[in-house]
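Inside the fold
So you can see what is in the structure, the chains are spelled out below.
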Amino acid sequence: MTPSEALVETMVAQGVTDVFGIVGSAYMDALDLFPAAGIRFIPTVHEQGAAHMADGYARASGRHGVCIGQNGPGITNFVTAIAAAYWAHSPVVAITPETGSLSIGLGGFQETEQLPIFSKITKFQAHVNHPKRMAELAARAFDRAVLEMGPVQLNIPRDCFYGELECEIARPIHIERGPGGSRSLDEAAELLAGARFPVILCGGGVVMADGLDAAIALAEALEAPVATSYLHNDAFPAGHRLWCGPLGYHGSKAAMKVIHEADVVLALGSRLGPFGTLAQYDFDYWPKTAKLIQVDADPRVLGLVKKPSVTICGDAREAALALFSRLLGLRLASADDRDERMARIGKARSAWEQELDGWHFEKDAWSLEVSRGSKHMHPRQMLRELEKAMPEHAMVSTDIGNICQIANSYLRFERPRSMFGAMMFGNCGYAFPSMIGCKVAAPDRPALAYVGDGAWGMSFGEILTCVREQIPVTAVVFNNGQWGAEKKNHVDFYSNRFLGVNLENPSFAAVARAMGAEGSTIANLSDVGPSLRAACAAQREGKTTVLEMMVTRELGDPFRRDALQKPKRLLQKYKACE
Ligand SMILES: Cc1ncc(C[n+]2csc(CCOP(=O)(O)OP(=O)(O)O)c2C)c(N)n1
Ligand SMILES: [Mg+2]
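In short, a report on the structure. (Residues numbered from 1 in each chain as written. Chains lettered and ligands numbered in written order. Predicted model: local features only at pLDDT ≥ 70, side-chain atom pairs only at ≥ 80, totals over all residues. Heavy atoms only, no water.)

**Examining the coordination of the magnesium ion (ligand 2)**
The cut-off we apply is this: Here the coordinating atoms are restricted to nitrogen, oxygen and sulfur within 2.8 Å of the metal centre, or 3.2 Å for Na, K and Ca, and because water is not among them the sites may look incomplete. Helical segments are the DSSP runs of H or I of at least four residues, strand segments are the runs of E of at least two, and each set is numbered from the N terminus.
Taken together, the protein donors to the magnesium ion (ligand 2) comprise Asp453 (OD), Asn480 (OD1) and Gln482 (O), at separations of 2.1 Å. Donor residues for the magnesium ion (ligand 2), ordered by position in the chain, follow D-x26-N-x1-Q. Of this pair, Asp453 sits in helix α19 (residues 453-459) while Gln482 is found in the loop between β16 (474-479) and α21 (484-493), placing the two residues 29 residues apart along the sequence.

**Let's talk about unusual backbone geometry**
Our working definition: Type-normalised accessible area, obtained with a 1.4 Å probe on protein chains alone, sets the label of each residue: buried when under 20%, exposed when over 50%, and partly exposed for intermediate values.
Positive phi, close to 70°, is recorded for Leu231, a residue that is not glycine. Mapped onto the secondary structure, Leu231 falls in the loop between β8 (226-228) and β9 (243-246). Look at Leu231 and you get buried, because its relative accessible area is 3%. The backbone of Met423 sits at a positive phi, close to 50°, despite the residue not being glycine. Along the chain, Met423 turns up in the loop between β14 (419-421) and α18 (431-441). Owing to a relative accessible area of 7%, Met423 belongs among the buried residues under this scheme.

**A word on helix α9 (residues 182-194)**
It helps to recall that an α-helix has 3.6 residues per turn; residues three or four apart then point in one direction. Short version of the rule: Here a helix's expected span is defined as the number of its residues, less one, multiplied by 1.5 Å.
For α9, spanning 13 residues, the distance from its first C-alpha to its last is 18 Å, which sits close to the expected 18 Å at 1.5 Å a residue. Every buried residue belonging to α9 is among Ser184, Leu185, Ala188, Ala189, Leu191, Leu192 and Ala193, and all of these are buried.

**Notes on the pairing of strand β5 (residues 124-127)**
For clarity, the cut-off: Strand pairing requires that DSSP identify at least two bridges connecting the strands. The crossover handedness rule: strands pointing away from the viewer, path from first strand over the helix to second strand clockwise, crossover right-handed.
The side-chain alternation of β5 yields one buried face, formed by Phe124 and Ala126, and one unburied face, formed by Gln125 and His127. Sheet topology places β5 next to strand β6 (residues 152-157); four bridges connect them, and they run parallel. Residue pairing for β6: Phe124 is matched across the bridge by Val152. Regarding topology, helix α8 (residues 134-147) serves as the crossover connection from β5 to the parallel β6, and that connection is right-handed.

**Description of the environment of Ala85**
Stated precisely, the cut-off is as follows: By definition in these notes, contact holds between two residues if any of their heavy atoms fall within 4.5 Å.
By the secondary structure assignment, Ala85 is in helix α6 (residues 79-87). Relative accessible area serves as the criterion here: at 0%, Ala85 is assigned to the buried category. C-alpha of Ala85 to C-alpha of Ala138: the two residues are 53 residues apart in sequence and 19 Å apart in space. Residue contacts for Ala85: discarding those within four places in its chain leaves Asp55, Ser90, Val92 and Pro151.

**Quick notes on the pattern of salt bridges**
Opposite charge on two side chains allows them to pair when their charged atoms are near. Definition in use: Salt bridges, as used here, are contacts in which a Lys or Arg side-chain nitrogen is within 4 Å of a carboxyl oxygen on Asp or Glu.
According to the stated counting rule, one finds 28 salt bridges in the structure shown. The closest approach of N and O atoms between Arg317 and Asp213, which form a salt bridge, is 2.9 Å. Of this pair, Arg317 sits in helix α13 (residues 316-328) while Asp213 sits in helix α11 (residues 212-222), and the two are 104 residues apart along the sequence. Relative accessible area serves as the criterion here: at 41%, Asp213 is assigned to the partly exposed category. The network of salt bridges with common partners includes Glu353, Asp357, Arg384, Glu387 and Arg412.

**Things to note about the packing of aromatic side chains**
Our working rule: We call Phe, Tyr and Trp rings a pair once their centres come within 6.5 Å, taking the six-membered ring for Trp, and we label the pair stacked below 30 degrees between planes, edge-to-face above 60, and tilted otherwise. A positively charged side chain is recorded as over a ring if its NZ (Lys) or CZ (Arg) lies within 6 Å of the ring centre. The angle to the ring normal must also be within 35 degrees.
For the coordinates displayed, the defined rule picks out 15 aromatic pairs. Summarising the aromatic geometry, the rings of Trp456 and Phe460 are spaced 6.2 Å apart at their centres and angled 35° between planes, so their arrangement reads as tilted. For Trp456, a relative accessible area of 1% corresponds to the buried category. On the basis of relative accessible area, Phe460 is assigned to the partly exposed category, the value being 22%. Members of the aromatic cluster, connected to one another through ring pairs, are Tyr230, Tyr249, Phe275 and Phe559. Seen from the ring of Phe124, Arg144 lies directly overhead, with NZ or CZ sitting 4.5 Å from the centre.

Listed below in structure tokens is the structure:
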């Protein structure tokens with residue numbers, strides 16, 4: 001076969017049915033084969049969008065997300081999105097055609113060294129150094145993406161699509177991940193059995209392992225409350241009696257209160273990233289003296305940030321099941337004062353719900369001033385209305401911004417693969433394109449992207465992809481006329497010396513309509529729920545809708561106070577900037 005055929009056949013063998021990208025001569029010989037191979041090519045507006053879509057697709061489906069583009073600028077446009085996929089642990093395969101091998105280094109057209117650029121944001125890089133190695137290296141790239149749980153690069157000099165090779169198309173490698181070593185599982189079970197106040201922290205690993213059932217069984221056996229890690233609100237069902245909600249930025253005070261009391265914490269499928277456990281609401285909640293059991297499939301994250309008493313290198317689901325069966329035979333110390341513990345947990349949960357119910361607006365002086373007399377909605381009230389109207393089985397992606405982060409308190413899910421935060425790369429412009437990818441992977445589920453107006457400016461171009469390709473998504477755009485999250489730093493640290501944070505916006509609803517989508521401007525609280533439900537229903541008719549939420553300029557707690565310092569100026573010229 002030809003190398004193009006070998007590449008496409010390998011994709012077929014790996015189960016690829018959708019590829020996101022922008023057309024380019026570099027790989028046209030392979031692209032030409034996609035329809036006959038049963039692969040849908042989804043052309044996007046920008047390659048960053050294509051790679052975010054591949055990420056969302058992978059996160060929603062658990063399968064590879066694939067993106068491809070033109071050598072040089074098409075590929076450098078992938079960079080931000082591949083970095084985001086890296087921190088989302090997404091098995092994205094970025095196929096990166098490169099300058100032809102006979103002209104590398106001559107400074108011809110669209111040339112840049114493509115391997116160094118991605119070296120720190122991929123788990124594996126395959127470079128097709130000879131056309132005859134196409135099948136071998138393509139298969140390895142696809143396998144490594146899943147084995148190492150992250151993006152990989154398949155770099156192909158453009159001349160390597162041509163020629164002939166004799167090859168076998170490899171079947172994908174499937175590995176069964178185990179629960180971890182039996183000695184560490186024994187130790188962990190013993191610690192849990194002896195715990196008076198065990199708390200489980202479910203992370204992204206539980207979602208990736210489809211392990212909610214196992215986490216529930218273990219939590220019920222221990223009668224242990226469950227928190228979810230930052231931006232993994234879908235790692236435990238919110239309707240469960242032991243659910244306490246998410247930790248981290250704008251997370252659940254109930255979860256923080258409960259984990260603060262733990263004597264043993266079982267972190268299930270979590271790297272315990274430093275940002276996700278920072279103090280919140282002026283409460284440094286992490287229980288420093290508690291014993292920590294950390295379970296993760298990636299050995300490199302074990303003990304990286306927090307010092308564990310027991311480390312288990314295993315699959316979150318398998319490890320939970322193994323711990324569950326070990327606990328069956330043990331006396332559980334936590335059973336002694338079960339009722340009293342349940343009462344405390346119940347109290348923490350209801351106190352937080354009550355606080356949220358009464359927390360209609362931000363109460364700091366600046367927020368009060370800017371929202372006084374405003375005809376616009378308070379963001380928190382709007383988020384509560386969205387929560388109440390959320391359709392069953394919805395998928396929600398969230399961008400980086402003040403309102404998107406406050407949403408963390410109001411996003412609750414019953415099933416995994418439902419929440420798609422911009423994770424630790426934290427790039428504005430993530431939510432909308434990644435949700436387009438989610439919708440391609442799960443067309444029957446309502447698809448929503450929460451996006452601030454600043455981030456919307458970076459990403460709304462992909463409305464055209466929704467319209468052209470009939471991929472119906474609902475974008476909920478929080479129009480507060482500002483890059484709010486950064487403006488909050490001006491308020492807290494720079495005496496309101498605002499610079500580059502106020503936004504002059506067009507009517508985003510009108511822009512959406514001009515682009516062929518539906519668009520409405522929502523100014524009243526009573527319209528939030530009905531408009532969300534209508535937009536989600538319209539997805540069934542193939543319609544993409546932009547709901548432009550008119551909200552006040554008030555701002556919640558900032559991302560982090562710990563990383564900024566009060567300005568100090570030494571030169572007289574700049575003294576006014578203190
Ligand atoms: C690509 C990128 N550029 C800049 C930033 C810095 N940044 C973080 S939050 C933020 C403001 C977001 O504003 P908006 O999307 O309007 O949401 P809001 O905070 O107003 O709710 C900015 C600029 C970033 N995270 N990512
Ligand atoms: Mg904004």
